[in-house]
There are 4 protein chains.
Amino acid sequence: MTKAERTRELIITKAAPLFNTKGVAGTSMNDILEVTKLAKGSLYVHFEDKEDLAHAVVDYHLERLGKTVESTLSKAASAHEKLLAYIDLFMDPVNPLLVGGCPMLNFGMESDDTDQVIRKKICLFMDNGVKMICSIIKSGKDKGEFSTDWDAKEFAVKMFATIEGGIMMSRVAGDNKTMKVIARGLKKEIEENTA
Amino acid sequence: MTKAERTRELIITKAAPLFNTKGVAGTSMNDILEVTKLAKGSLYVHFEDKEDLAHAVVDYHLERLGKTVESTLSKAASAHEKLLAYIDLFMDPVNPLLVGGCPMLNFGMESDDTDQVIRKKICLFMDNGVKMICSIIKSGKDKGEFSTDWDAKEFAVKMFATIEGGIMMSRVAGDNKTMKVIARGLKKEIEENTA
Amino acid sequence: MTKAERTRELIITKAAPLFNTKGVAGTSMNDILEVTKLAKGSLYVHFEDKEDLAHAVVDYHLERLGKTVESTLSKAASAHEKLLAYIDLFMDPVNPLLVGGCPMLNFGMESDDTDQVIRKKICLFMDNGVKMICSIIKSGKDKGEFSTDWDAKEFAVKMFATIEGGIMMSRVAGDNKTMKVIARGLKKEIEENTA
Amino acid sequence: MTKAERTRELIITKAAPLFNTKGVAGTSMNDILEVTKLAKGSLYVHFEDKEDLAHAVVDYHLERLGKTVESTLSKAASAHEKLLAYIDLFMDPVNPLLVGGCPMLNFGMESDDTDQVIRKKICLFMDNGVKMICSIIKSGKDKGEFSTDWDAKEFAVKMFATIEGGIMMSRVAGDNKTMKVIARGLKKEIEENTA
DNA sequence: TATGAATGAGCCTTCATTCAT
DNA sequence: TATGAATGAAGGCTCATTCAT
């Protein structure tokens, strides 16, 4: 890793919580200077402009989130356990995996009408997320864990949406009550389709 | 309605789509000047500062949303129909009721870490939304429309969260496919609990 | 006194301490609105503009100061007593006769390069002040209170300047020590010239 | 001297006459931009805000004044000559040492109720000024130039105050007549105490 | 005479960005 | 690669003032 790469990485990791907490528009390049303790011009050695940095930060967040999901699921023995583990990963929106909360919600809601590049990154990531849940269910069906007439696609979409909606509601409420109700409901539905 | 009230209303209604689309941080007072065609100082005759205006705009959005829901539901004959009508109301996130999309998602996600006043406004509004769905289900049970062992609270929370998550996903995707899958799933569950 | 005259008077008396404390440039028309509890336009019914009001306020201050001096001196029996009474009048700059301190210093120092009307008002007032002290000394000489070879003009100027300088120093210091030293010195010189 | 230091110095020296002439409240950052020919943001590279710049400007004025006094007095051979030289330094308030007049009067009278930092800077400077005069007299006594029963402290305070008051009066009058009377008086008193 | 909504110039300051070093 | 001084557009807001009511 060259020095340039290390500095670039430093900027991204320090900027990430800021962008995810205050939004892209709400975060100034100065805010980032402050937390990185870098000099004024240094940011522009590594990033073309604020937009460029914002895109890198979104990538970073999604990558971290993706890796966390992946590593968690890899530890689960069965498809059934994988689904439960996935849900548990998002059970505590008040103390979220990533400072500032779910980047799909944060960047998705800020960018939908303002930054098509970010919007598409998140869109792609969510597609993959749904597909992953889908394939877990399918593999569970193959292995005889789940009833074969369970609609994998529909449940995957619903589970994804419900968790995101639950995260939003819990963060706005400032407590996890909503998330708990939702987790219970999803898990019940999983059990109903478990052979 | 005095002249001042009319101007205040004008500012709010013109500013509302801007704030809901670009966010509070992403909207400048100049942007609002432009759409209202008012002079520089005039904004401050009616609002203390940008924050004050943002709060009024959030109130306006939530009020409009609330009234739309209310008037739609009032036209539905039964509890069963009310639930379906509620879902249908949010079926088209790409062409939303309010320009910019769902204000709960937009302002909720921007404010959760930055503006406690807005956060609380939305929290309260969502609480009421869930309670309303809850009471529709309960009255449906009373009238014999729904099976009595349906968990009203759980379904209300889940339905609310799922719709919000679905709106987010559809807006980020730029199409309503996700929302359709979700609507189908929710309606199926309603049918399963219809006597 | 008509209503208009009463309102005009109200504005002047309420604005006076503000101007004398924060200066003309440092006082806004809004500040004055606040203390008078009048409506926006009302100020301009009675005064052409801020400058016009400032001039009226300066007049008011000088008039009040003049009357206070006059009434104090009128109670003194002899020329000798008058001089001492005059000095005593300015012995407590920390708690001054007029809120904000000596208007000659305040408005004089602000206006000398910026407002010729105010400058001249104060110049005239100071001239009269010096002349008054001068004529007291002269009448004291006539009555045999003071030695006839005392230079009335020189002492009057010096006394006036020293008191003003002492006021400045005491206000900046935030205590009256300097003023006490000065008063003692002036009184000693008066005694030295008392027959 | 780095470039930053040079620019900082440039700003201070160009801003100094403006602040001393029109006051802090009466001088806008734009006024300073104009005389420095710098670009909008540049001021804030070197000063936190207007207040910060104002404080630097006050320091600059007092330093210049202090150095002028010092260098003038250092050229005087005796204590007696030093006192006369000091008085002569302030004999022409209409064409003052520093553009705008005496900074102690100008900033002192503006700040006494509004800016404690400036007030204290001036208070300290005046204290030192009085002390300096005091020590000149004392050393003059030691050397046998002045009569030993002359009250050094009292005269120092009086001389300082009288000169300041005289400056104020002369500037407001727009001519130096008052100052001349005062100088004559002070010098006479010095002679009376000269052995 | 009094009101207060409206005006637009101007306030201080921050913004993202550039560039000579 | 890193620096930090410099830029000027734009930020939110206040200013003195006007005018229809």
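Shown above is the structure to which this text applies.
Chemist: I'd like to hear about the interface of chain B and chain A, residue by residue, with values.
Modeler: Contact with chain B, which involves 39 residues of that partner, is made by 39 residues of chain A. Together chain B and chain A conceal approximately 3400 Å² of surface at their shared face, both sides included; 69% is due to carbon and sulfur atoms. Area buried by chain B at its contact with chain A is led by Met-109, Met-168 and Val-172 of chain B, which between them contribute 19% of it. Across the chain B-chain A interface, the total number found is eight salt bridges. Salt-bridge contacts for Asp-112 of chain B lead to Arg-171 of chain A; the nearest nitrogen and oxygen are separated by 2.8 Å. Counting across the chain B and chain A interface gives nine residue pairs in polar contact (both at pLDDT 80 or more).

Chemist: I'd love a proper account of the interface of chain D and chain C, names of residues and values included.
Modeler: Often the size quoted for an interface is simply the accessible area lost on bringing the parts together. Chain D puts 39 residues into the contact, and the matching count from chain C is 39 residues. Interface area for chain D against chain C, summed over the two sides, is near 3400 Å², with a carbon-plus-sulfur share of 69%. If you sort the residues of chain D by the area they bury against chain C, Met-109, Met-168 and Val-172 of chain D come out on top, with a joint share of 20%. Run the count over chain D and chain C and you get eight salt bridges. Glu-154 of chain D is paired through a salt bridge with Lys-188 of chain C; the nearest N and O atoms lie 3.4 Å apart. The tally of links from chain D across to chain C stands at nine residue pairs in polar contact (both at pLDDT 80 or more). Those elements that place two or more of their residues in the side of chain D that touches chain C are helix 1 (3–22), helix 6 (103–111), helix 7 (116–142), helix 8 (152–173) and helix 9 (177–192) of chain D. Ranked by residue count, the leading element in the side of chain D that touches chain C is helix 8 of chain D, at 14 residues. Its residues assigned to classes, the side of chain D that touches chain C shows 17 nonpolar, eleven polar and eleven charged.

Chemist: Describe the protein's contact with DNA strand E, listing the residues and the values that go with them.
Modeler: Near DNA strand E lie 36 residues; those nearest to it are Lys-50 of chain A, Thr-7 and His-46 of chain B together with Gly-41 and His-46 of chain C. Backbone atoms, meaning sugar and phosphate, make up 63% of the atoms of DNA strand E lying within 4 Å of the protein. Between DNA strand E and the protein, one listed contact pairs a phosphate oxygen with a side-chain N or O atom of Tyr-44 of chain A at 3.1 Å. Between Ser-28 of chain D and DNA strand E, the recorded distance is 3.4 Å, taken from a side-chain N or O atom to a phosphate oxygen. Counting only elements with at least two residues in the surface near DNA strand E, the list comes to helix 2 (29–36) of chain A, helix 1 (3–22) and helix 3 (43–46) of chain B, helix 1 (3–22) and helix 3 (43–46) of chain C together with helix 2 (29–36) of chain D. With three residues, the single largest contributor to the surface near DNA strand E is helix 1 of chain B.

Here is what the cut-offs are and how they apply
Residues numbered from 1 in each chain as written. Chains lettered and ligands numbered in written order. Predicted model: local features only at pLDDT ≥ 70, side-chain atom pairs only at ≥ 80, totals over all residues. Heavy atoms only, no water. Contact = heavy atoms within 4.5 Å. Buried area = accessible area lost by both parts, 1.4 Å probe. Salt bridge = Lys/Arg side-chain N within 4 Å of Asp/Glu carboxyl O. Polar contact = N/O pair within 3.5 Å; in protein donor to acceptor, adjacent residues only side chain to side chain. Helix = DSSP H or I, 4+ residues; strand = E, 2+ residues; numbered from the N terminus. Nonpolar A, V, L, I, M, F, W, Y, C, P; charged D, E, K, R; others polar. Near = heavy atom within 4 Å.

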